[in-house]
Amino acid sequence: MTTTISGTDGITWPDGTGPSDGADVENIQGDEYAFVSRATVASTLSQVFTGLTTAGDYKFILRSITHETDNGSIYLRVSIDGGSTYEAGASDYLEDGSSTAQQIIFNQIGSTAGEGADAEIVLPDVTNATVFQRILAAYGGRTNATPGAYNANPHGVYVAGTDAVNAVQFISPSGDWSGVIEAWVRAAQ
Amino acid sequence: MTITKGVTNLITGKTVVVPLDSDDLTQHAIDKALFDANLYKGKREADYAPLADQQDMQYWDSVHGTRIWLDHIAAVKAKHPKPD
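All figures in this text were calculated on a predicted structure; none of them were measured in a lab.

What counts and how
- Starting from 1, residues in each chain are numbered consecutively following that chain's sequence as written.
- Here every chain gets a letter starting at A, and every ligand a number starting at 1, in the order they are written.
- Note on the predicted model: pLDDT of at least 70 is required for a residue's local features to be given, and 80 or more for side-chain atom pairs to be given and counted; whole-chain, interface and lining totals, by contrast, use all residues.
- The side-chain values count all of the structure's non-hydrogen atoms but skip hydrogen atoms and water molecules.
- Numbering of helices and strands runs from the N terminus, with a helix taken as a DSSP run of H or I at least four residues long and a strand as a DSSP run of E at least two residues long.
- Each residue gets one of three labels from its accessible area relative to the maximum for its type: buried under 20%, exposed over 50%, partly exposed in between, using a 1.4 Å probe on protein chains only.
- Contact between two residues is taken to exist if any of their heavy atoms lie within 4.5 Å; hydrogens are not considered.
- Think of it this way: DSSP has to see at least two bridges between two strands before they count as a pair.
- Buried area: the accessible area, evaluated with a 1.4 Å probe, that two parts lose upon being put together, summed over both parts.
- By salt bridge we mean one thing: a side-chain nitrogen of Lys or Arg within 4 Å of a carboxyl oxygen of Asp or Glu.
- Each polar contact in these results corresponds to two N or O atoms within 3.5 Å; when the atoms are within protein, one needs to be able to donate a hydrogen and the other to accept it, and residues that are neighboring in sequence are counted only if both atoms are side-chain atoms.
- Classification convention: Asp, Glu, Lys, Arg as charged; Ala, Val, Leu, Ile, Met, Phe, Trp, Tyr, Cys, Pro as nonpolar; all other residues, Gly among them, as polar.

**Some thoughts on the overall build of chain A**
Item 1. Helix and strand content of chain A: 1 helix and 12 strands.
Item 2. Put simply, chain A runs from its N terminus to its C terminus through helices and strands in the order α-β-β-β-β-β-β-β-β-β-β-β-β.
Item 3. Sorting the 189 residues of chain A into buried and exposed places 50% on the buried side.
Item 4. Once local pairs closer than 6 in sequence are excluded, the contacts in chain A between residues at least 24 apart make up 76%.

Okay, structure coming up:
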């Protein structure tokens, strides 16, 4: 059976208010990810997401990411102070056994629309301050040189401490970039 | 030109674009220096032939006494030199 919701049908959120006040996200139940926000990145050096307060898993979907120059990179860093600073110590992260100052999301992405790269990144159980924060990523799309072959690791761990993560940063080390990032959340069961 | 960042608050759903603050600029300078120093590696990786093709080059170089593989590697290294 197909149910069609039209623009005039009322949708009642759990707390009876609008879809973007945060309380709705906290009230989400079930196994599905719920859409939280979409940010259009237009020629900026970094895009950050603050307010990761829901106990559960956050997923960030990066779509059609291009850099202003060929062979650009995009890193991910986490914040444990609400986004005031982002962890960037030389050994704050562990990528495939190597200590790094960031989780590399993309390397060698291109500069034209046809070279747009995509990724899906999950930060599980972000508010759990008793475990090292894991960063799980899957990649797709096309690099500047070779389709689907990113010089990046599909998983990493923030190892500087067992802290709750409450903000994340996607940042280019050199030059601006563009694309779309969606944030989704799934509350802990 | 002002370097900017987008900030999305997942509680309010609002996004604003603001200039980098001093801490951001300090970290950016560190990131850029490291990235620029290692950029040649990515460019070389992009230009190297697939490993299977390189193994084929090495095989025929052994058979014929040629240096196709060596010349290929040398050409890529020369095209993207390591910074001093």
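Moving on from the model shown.
**Some details on unusual backbone geometry**
Residues and elements named next belong to chain A.
Item 1. Positioned with a positive phi, Asn 71 is a non-glycine residue whose angle comes to about 65 degrees.
Item 2. The class for Asn 71 is buried, based on a relative accessible area of 11%.
Item 3. The phi angle at Asp 125 is positive, at roughly 55 degrees, despite the residue not being glycine.
Item 4. Position of Asp 125 among the secondary structure elements: in the loop between β8 (117–123) and β9 (133–141).
Item 5. A relative accessible area of 27% places Asp 125 in the partly exposed class.

**Thoughts on the pairing of strand β2 (residues 46–50) of chain A**
Item 1. Most of β2 of chain A is tucked away, with 5 of its 5 residues classed as buried.
Item 2. Side chains Ser 46, Val 48 and Thr 50 of chain A project from β2 of chain A onto one buried face, and the interleaved Gln 47 and Phe 49 of chain A project onto a second face that is buried too.
Item 3. Note: β2 of chain A against strand β11 (residues 167–171) of chain A, 5 bridges, orientation antiparallel. Its bridge partner lying in β11 of chain A, Val 48 of chain A is registered against Gln 169 of chain A.
Item 4. Two elements, β2 of chain A and strand β1 (residues 4–9) of chain B, share 5 bridges in a ladder whose sense is parallel. Each bridged residue has a counterpart across the sheet, and for Ser 46 of chain A the counterpart in β1 of chain B is Lys 5 of chain B.

**Thoughts on the environment of Ser 73 of chain A**
Item 1. Checked against the element boundaries, Ser 73 of chain A lands in strand β4 (residues 72–79).
Item 2. In sequence terms Ser 73 of chain A and Gly 175 of chain A are 102 residues apart; their C-alpha atoms lie 9.0 Å from each other.

**Some remarks on the side chain of His 28 of chain B**
Item 1. One can find His 28 of chain B in helix α1 (residues 22–47).
Item 2. If near-sequence neighbours (up to four positions away) are discounted, His 28 of chain B is found in contact with Leu 45, Ser 172, Pro 173 and Ser 174 of chain A together with Ile 3 of chain B.

**Things to note about the interface of chain B and chain A**
Item 1. Between chain B and chain A, the contact holds 26 residues from the first and 33 residues from the second.
Item 2. Roughly 2,300 Å² is buried in total at the junction of chain B and chain A, and carbon and sulfur atoms are behind 53% of that figure.
Item 3. Seen at the junction of chain B and chain A, the total is 1 salt bridge.
Item 4. Run the count over chain B and chain A and you get 9 residue pairs in polar contact (both at pLDDT 80 or more).
Item 5. Every element with two or more residues in the side of chain B that touches chain A is listed here: β1, β2 (15–19) and α1 of chain B.
Item 6. The greatest single-element share of the side of chain B that touches chain A, amounting to 11 residues, is contributed by α1 of chain B.
Item 7. Tallied by class, the residues present in the side of chain B that touches chain A amount to 10 nonpolar, 10 polar and 6 charged.

**Considerations on the pattern of salt bridges**
Item 1. All chains considered together, the criterion is met by 9 salt bridges over all chains.
Item 2. For Glu 182 of chain A, the salt bridge goes to Arg 38 of chain A, with nearest N and O atoms at 3.2 Å. Pair noted here: Glu 182 of chain A is in strand β12 (residues 177–187) and Arg 38 of chain A is in strand β1 (residues 34–44), with a separation of 144 residues, a long-range link.
Item 3. The partner of Asp 31 of chain B in a salt bridge is Arg 77 of chain A, and the shortest N-O contact between them spans 2.8 Å. Here Asp 31 of chain B, found in helix α1, pairs with Arg 77 of chain A, found in strand β4, and the two come from separate chains.
Item 4. Through salt bridges that share partners, Arg 38, Arg 63 and Glu 182 of chain A make up one connected network.

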